[in-house]
Amino acid sequence: MIRRVLPHGMGRGLLTRRPGTRRGGFSLDWDGKVSEIKKKIKSILPGRSCDLLQDTSHLPPEHSDVVIVGGGVLGLSVAYWLKKLESRRGAIRVLVVERDHTYSQASTGLSVGGICQQFSLPENIQLSLFSASFLRNINFLSGASVCTQEYLAVVDAPPLDLRFNPSGYLLLASEKDAAAMESNVKVQRQEGAKVSLMSPDQLRNKFPWINTEGVALASYGMEDEGWFDPWCLLQGLRRKVQSLGVLFCQGEVTRFVSSSQRMLTTDDKAVVLKRIHEVHVKMDRSLEYQPVECAIVINAAGAWSAQIAALAGVGEGPPGTLQGTKLPVEPRKRYVYVWHCPQGPGLETPLVADTSGAYFRREGLGSNYLGGRSPTEQEEPDPANLEVDHDFFQDKVWPHLALRVPAFETLKVQSAWAGYYDYNTFDQNGVVGPHPLVVNMYFATGFSGHGLQQAPGIGRAVAEMVLKGRFQTIDLSPFLFTRFYLGEKIQENNII
């Protein structure tokens, strides 16, 4: 085992000056100072007044205790919990770096916004139960008589309207998958989820619009399941963390400056430990970058988190070694289609996951529905862009929908979009906590489609690991990076 010193003493400030650095904590980097020197020269030229100096308010700070790469819902949740759990207000300086301030390609805004507890792993069930409680109390303020927790409410700001629709999830199983469903529901109930099992006859009685052909068993979430507005959660988190003093920067992380230390493991194998000291942020629409000295880096870059990990040297080593183990997260494109069907199931429609892998739910109150299906490995589309393949719906989705809900024979597609999963190719589960060799890089990524609904719990878990050195609320040790090197898969069977 490698002994690693976890960061502590956050209340006294994480940053310390490295030996041999210049005043201010930065090593001499001429290229990085050129633009700054030019500005100073221009400011003293004749005929130019001081008030014409370039505004630098959009630049990130030169120092930040924690730099979070990725301003989606996972990154914002980590920022939120770091500030909530800090020893005293203002003790930790947190910077969130997001390259796309419009979030036009962010997984959060392109999600269907579902939340359920019908997973096969206890950790995923616990995360979603935590999130359900968080979302239920999202507008409460600390000290209110109805709640002792302060979530996303901001004084003098309007309450958030997540538009939560508690219609539940309905999962259908074929004969070969029925035993696994029964086993999963047993685990879900043990963890506190309210889930019922339904026979085909019970299914027809409750949802007469379903054709039960090929269905041997169904599981139905009766509480804390449904869907909500992901954009509202994103904006609510952003508004809240800004009120807590978190800083934001629009830019792209292009480089890490780190130091290395060679150590021996207990079996006398040499390993190299790295520590990141500086993050280089390339500013939007500029060739310039801004160095930010930091103590901790959170990799919450979603579908692009493997690229950020590689910048820090993750995976740079001989294959089969810990040093050579890469972060197995990549972008996977998923389509969502919206259709109109006046004869469809109606207002009581849950989110239905068919035996074929197709899914759908109601969208609004005007006989509209949305849904799709995850492609097989052979069908995986090119993730280079977010163009929609409409033939995929005609050939791979609609036939299954029409078989399960005969009314969908007459549906009319109205629109469609595509979004990215931060897909963990190893076991489709999240990566949470520190890297074993890049000792101050922490992960919150790889959730393969269920990161949005679990973000509140994931953010707290990462913050606990940073501040306390261990998971406290939910033990997410099975989600640590080391499992990739050890080959220990923790397969989640219920990925929609």
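Residues numbered from 1 in each chain as written. Predicted model: local features only at pLDDT ≥ 70, side-chain atom pairs only at ≥ 80, totals over all residues. Heavy atoms only, no water.

Caption draft 1: Representation of the overall build of the chain within the structure. A count of helical and extended segments in the chain gives 10 helices and 17 strands. Residue burial in the chain is summarised as follows: out of 496 residues, 52% are buried. Of the contacts made within the chain by residues no fewer than 6 positions apart, 74% connect residues no fewer than 24 positions apart. Only carbon and sulfur atoms are counted for the fraction: they give 51% of the accessible area of the chain, which is about 22900 Å². (Helix = DSSP H or I, 4+ residues; strand = E, 2+ residues; numbered from the N terminus. Buried < 20%, exposed > 50% of the residue type's maximum accessible area, 1.4 Å probe, protein only. Contact = heavy atoms within 4.5 Å. Areas by Shrake-Rupley, 256 points an atom, 1.4 Å probe, with all protein chains shown as cover.)

Caption draft 2: Quick look at the pattern of salt bridges. As enumerated under the stated definition, the model contains 17 salt bridges in all. Arg 483 is the partner of Asp 427 in a salt bridge, and the nearest nitrogen-oxygen pair spans 2.8 Å. Of the two residues, Asp 427 is situated in the loop between strand E15 (412–424) and strand E16 (431–434) and Arg 483 in helix H10 (residues 482–486); the sequence distance between them amounts to 56 residues. (Salt bridge = Lys/Arg side-chain N within 4 Å of Asp/Glu carboxyl O.)

Caption draft 3: Local environment of the sheet that holds strand E5 (residues 195–198). If you trace the 8 strands from one edge of the open sheet to the other, you get E5-E6-E4-E12-E13-E14-E11-E15, paired in mixed fashion. At either end of the open sheet lies a strand with only one pairing partner, and these are E5 and E15. Within this sheet the neighbouring strands show an average axis-to-axis angle of 20 degrees, counted without direction. As paired elements, strand E11 (residues 329–340) and E15 share 12 bridges and run antiparallel to each other. Bridge assignment links Trp 339 to a residue of E15, and that residue is Val 413. Most of the contacts of helix H4 (residues 178–190) go to E5, to which it runs at about 155 degrees, and overall it touches strand E4 (169–173), E5 and strand E6 (217–221). Contacts between helix H8 (residues 390–404) and the sheet are confined to E4, E11, strand E13 (358–362), strand E14 (368–373) and E15, with E11 contributing the most and set at about 60 degrees to the helix. (Pairing = 2+ DSSP bridges. Axes fitted to C-alpha atoms, helices over the stretch in contact; angles between N-to-C directions.)

Caption draft 4: View of the layout of surface pockets. As a volume, the second largest pocket reaches approximately 830 Å³. The wall of the second largest pocket is formed by 36 residues, among which Gly 357, Asn 493, Asn 494, Ile 495 and Ile 496 lie closest to the centre. Listing elements by their share of the lining of the second largest pocket, those giving two or more residues are E4, H4, E11 and E15. Ranked by the residues each element gives to the lining of the second largest pocket, the list is headed by H4, at 5 residues. Tallied by class, residues from the lining of the second largest pocket come to 13 nonpolar, 14 polar and 9 charged. (1 Å grid on protein atoms, 1.4 Å probe; cavity = no way out; pocket = protein on both sides within 12 Å on 5 of 7 lines; lining within 4 Å. Points joined across faces, edges and corners; volume = space filled by probe spheres on them. Nonpolar A, V, L, I, M, F, W, Y, C, P; charged D, E, K, R; others polar.)

Caption draft 5: Layout of the environment of Ala 384. Relative to the helices and strands, Ala 384 is located in the loop between E14 and H8. Residues Ala 384 and Arg 332 lie 52 residues apart in sequence; the distance between their C-alpha atoms is 9.5 Å.

Caption draft 6: A look at unusual backbone geometry. Backbone geometry places Asp 224, a non-glycine residue, at a positive phi of 60 degrees. As for its position among the elements, Asp 224 is in the loop between E6 and strand E7 (226–227).

Caption draft 7: Just the pairing of strand E8 (residues 247–264), in detail. Bridging between strand E2 (residues 94–98) and E8 involves 4 bridges; their strand directions are parallel. Within E8, the residue paired with Val 96 across the bridge is Phe 248. Following E8, the chain reverses through 5 residues before pairing antiparallel with strand E9 (residues 270–283); Asp 268 in that reversal takes a positive phi of roughly 65 degrees.

Caption draft 8: Structural detail: the nonpolar core. Core analysis: the largest hydrophobic core is formed by 58 residues, its most contacted members being Ile 68, Tyr 80, Leu 82, Leu 233, Ile 298, Val 432 and Val 462. Sorting the residues of this core by element identifies strand E1 (63–69), helix H2 (73–85), E2, helix H3 (122–136), helix H6 (230–243), strand E10 (289–299), strand E17 (441–445) and helix H9 (451–468) as the ones contributing at least two each. Considering each element in turn, this core owes the most residues, 9 residues, to H9. The contact partners of Leu 233, leaving out residues within four places of it in the chain, are Val 73, Leu 135, Ile 138, Leu 152, Leu 162, Phe 228 and Leu 452. If you look at the next biggest cluster of nonpolar residues, it comprises 28 residues, including Ile 276, Val 292, Ala 312 and Val 314. (Core = buried A, V, L, I, M, F, W, Y, C linked by side-chain atoms within 4.5 Å.)

Caption draft 9: H9, seen in detail. Taking the largest bend as the criterion, H9 deviates by roughly 40 degrees, centred on Gly 457. Most of H9 is tucked away: 16 of the 18 residues are buried. Just downstream of H9, Gly 469 is the residue with a positive phi angle, here 80 degrees. (Bend = angle between axes of the 7 residues up to and from the residue.)

Caption draft 10: Structural context of the packing of H2 against H9. Viewed as axis vectors pointing N to C, H2 and H9 meet at an angle of 45 degrees, and their least axial separation amounts to 7 Å. Considered as vectors, H2 and H9 are oriented oblique to each other. The two elements H2 and H9 cross, and the hand of that crossing is right-handed. On the side of H2, the interface is formed by Val 73, Leu 74, Ser 77, Val 78, Trp 81, Leu 82 and Leu 85, while H9 contributes Gly 451, Leu 452, Ala 455, Pro 456, Ile 458, Gly 459, Arg 460, Val 462, Ala 463, Glu 464, Val 466 and Leu 467. Its residues assigned to classes, the contact of H2 with H9 shows 14 nonpolar, 3 polar and 2 charged. (Parallel < 35°, antiparallel > 145°, perpendicular 65-115°, else oblique. Left-handed = near helix turned anticlockwise from the far one by under 90°.)

Caption draft 11: Broad picture of H4. An ideal rise of 1.5 Å per residue puts 18 Å on 13 residues; H4 measures up with 19 Å between its terminal C-alpha atoms. Along H4, the residues classified as buried are Ala 178, Met 181, Asn 184, Val 185, Val 187 and Gln 188. In the stretch just after H4, Gly 192 is the one whose phi turns positive, near 105 degrees. (Expected span 1.5 Å × (residues − 1).)

Caption draft 12: Expanded view of the confidence of the model for the chain. With 86% of its residues at a pLDDT of 70 or more, the chain shows a mean pLDDT of 88. In the predicted structure, residues 1–13 sits below a pLDDT of 50 and forms 26 contacts with residues beyond four places in sequence or in another chain. Ignoring residues within four places in sequence, the model shows residues 16–32, a span with pLDDT below 50, making 24 contacts including any to other chains. (pLDDT = per-residue confidence, 0-100.)

Caption draft 13: Fine view of the side chain of Asn 424. Along the chain, the position of Asn 424 falls in strand E15. A relative accessible area of 0% means that Asn 424 is categorised as buried. At 2.8 Å, the side chain of Asn 424 forms a polar contact with the backbone nitrogen of Phe 426. If we ignore the near neighbours within four places in the chain, the residues touching Asn 424 are Pro 328, Val 329, Asn 429, Val 431, Gly 446, Ser 448, Arg 483 and Phe 484. (Polar contact = N/O pair within 3.5 Å; in protein donor to acceptor, adjacent residues only side chain to side chain.)

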